[in-house]
Amino acid sequence: MKIDVSEILNSDGRTEKVNALIELGDVSFGGNDLHFTEPVSLSGTVKNECGEIILNLKAVSNFETLCARCGEKFKLRFSYDISEKFVKNSVLYDANVLNGGEIDLKDVVLQHLYMNLPISFICKDDCKGLCQKCGQNLNEGECSCDKGDIDPRMAALLKFKNDI
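The structure displayed is predicted, hence computed values, not measured ones.

For serine 61, the position within the fold is in strand β6 (residues 52-66). With a relative accessible area of 0%, serine 61 lands in the buried category. What serine 61 contacts, discounting residues up to four positions off in sequence, is Phe36, Val40, Leu76, Arg77, Phe78 and Tyr80.

As structure tokens, this is what we get:
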């Protein structure tokens, strides 16, 4: 979706409200697959400040992804702020070049989504994950694996602990 800012460009100090829905569908990033269950909701303003177009938005999205600990699919509501500067001519290193009189909101939303996503997603703070031996989802119940087995790489640490 593109918004027309040509009228705002001609009026210094002019501000307009932005309310939009951006359809993203499925997105992959950093090994995570995100399935957007509804469009990303945007609300905020676009303003002309001395010939620079300032875009300030709040993005709210709902998507499904897999938990990095237990592998189960879960839904997540994720929100983030968007602040971008656009100019007609690129003399500023921290501004985007405005092509014509339009801003493509989908590109801006995706760019800021990628910058704000965590490295991995956890379904809940107390997710127990999977048993390293049998793969049982420990959120659903304990497994029958022997908990006394120690990873041989950590045996020296156990000896250190017992000596204290």
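What follows deals with the packing of aromatic side chains. For the structure shown, the criterion picks out five aromatic pairs. Residues phenylalanine 78 and tyrosine 80 carry aromatic rings whose centres are separated by 5.8 Å and whose planes lie at 40° to one another, so their mutual orientation is tilted. Taken individually, phenylalanine 78 and tyrosine 80 each receive the classification buried, so the pair is uniform in this respect. Members of the aromatic cluster, connected to one another through ring pairs, are Phe36, Phe63, Phe78, Tyr80 and Phe121.

A cluster of nonpolar side chains, Ile150, Met154, Leu157 and Leu158, forms an exposed patch at the surface whose accessible area comes to about 360 Å². With respect to the helices, strands and loops of the structure, leucine 158 is situated in helix α3 (residues 155-163). Since its relative accessible area comes to 33%, leucine 158 is described here as partly exposed.

Applying the stated criterion across every chain yields a total of five salt bridges. Arginine 14 is the partner of glutamate 16 in a salt bridge, and the nearest nitrogen-oxygen pair spans 2.7 Å. Taking the relative accessible area as the measure of exposure, arginine 14 reaches 29% and is therefore partly exposed. Between lysine 85 and glutamate 52 there is a salt bridge, and its shortest N-O distance comes to 3.8 Å. In this pair, lysine 85 is assigned in strand β7 (residues 73-87) and glutamate 52 in strand β6, connecting sequence segments 33 residues apart. Each of Glu7, Arg14 and Glu16 takes part in one network of salt bridges that share partners.

Now for the environment of asparagine 10. Summarising the element assignment, asparagine 10 is placed in the loop between α1 (6-9) and β2 (15-22). Here asparagine 10 falls in the exposed class, since its relative accessible area comes to 65%. Distance in space between the C-alpha atoms of asparagine 10 and proline 39 is 31 Å, their sequence separation being 29 residues.

Right, let's talk about helix α2 (residues 105-116) for a bit. For α2, with 12 residues, the first-to-last C-alpha span of 16 Å sits near the 16 Å given by 1.5 Å per residue. The set of residues buried in α2 consists of Leu105, Val108, Val109, Leu110, His112 and Leu113. With a side-chain oxygen lying 3.1 Å from the backbone nitrogen of lysine 106, the N-terminal cap of α2 falls on aspartate 104.

What follows concerns the pairing of β6. Within β6, 12 of the 15 residues are buried, which leaves it mostly tucked inside the rest of the structure. As judged from the two bridges shared by strand β4 (residues 32-36) and β6, these two strands associate in the antiparallel manner. The partner of phenylalanine 36 across the bridge, within β6, is phenylalanine 63. Counted along the chain from strand β5 (residues 40-49) to the antiparallel partner β6, the turn is two residues long, and its residue cysteine 50 has a positive phi close to 55°. Note that β6 and β7 share 14 bridges and pair antiparallel. Within β7, the residue paired with lysine 58 across the bridge is aspartate 81. Counting the residues in the hairpin turn of β6 and β7 gives six residues, including glycine 71, whose phi is positive at 80°.

Basis of the calculations
- Residues numbered from 1 in each chain as written.
- Predicted model: local features only at pLDDT ≥ 70, side-chain atom pairs only at ≥ 80, totals over all residues.
- Heavy atoms only, no water.
- Helix = DSSP H or I, 4+ residues; strand = E, 2+ residues; numbered from the N terminus.
- Buried < 20%, exposed > 50% of the residue type's maximum accessible area, 1.4 Å probe, protein only.
- Contact = heavy atoms within 4.5 Å.
- Phe/Tyr/Trp six-rings, centres within 6.5 Å; stacked < 30°, edge-to-face > 60°.
- Patch = residues over 30% accessible without salt bridge, like charges linked within 9 Å, V, L, I, M, F, W, Y side chains within 5 Å.
- Areas by Shrake-Rupley, 256 points an atom, 1.4 Å probe, with all protein chains shown as cover.
- Salt bridge = Lys/Arg side-chain N within 4 Å of Asp/Glu carboxyl O.
- Expected span 1.5 Å × (residues − 1).
- Polar contact = N/O pair within 3.5 Å; in protein donor to acceptor, adjacent residues only side chain to side chain.
- Pairing = 2+ DSSP bridges.

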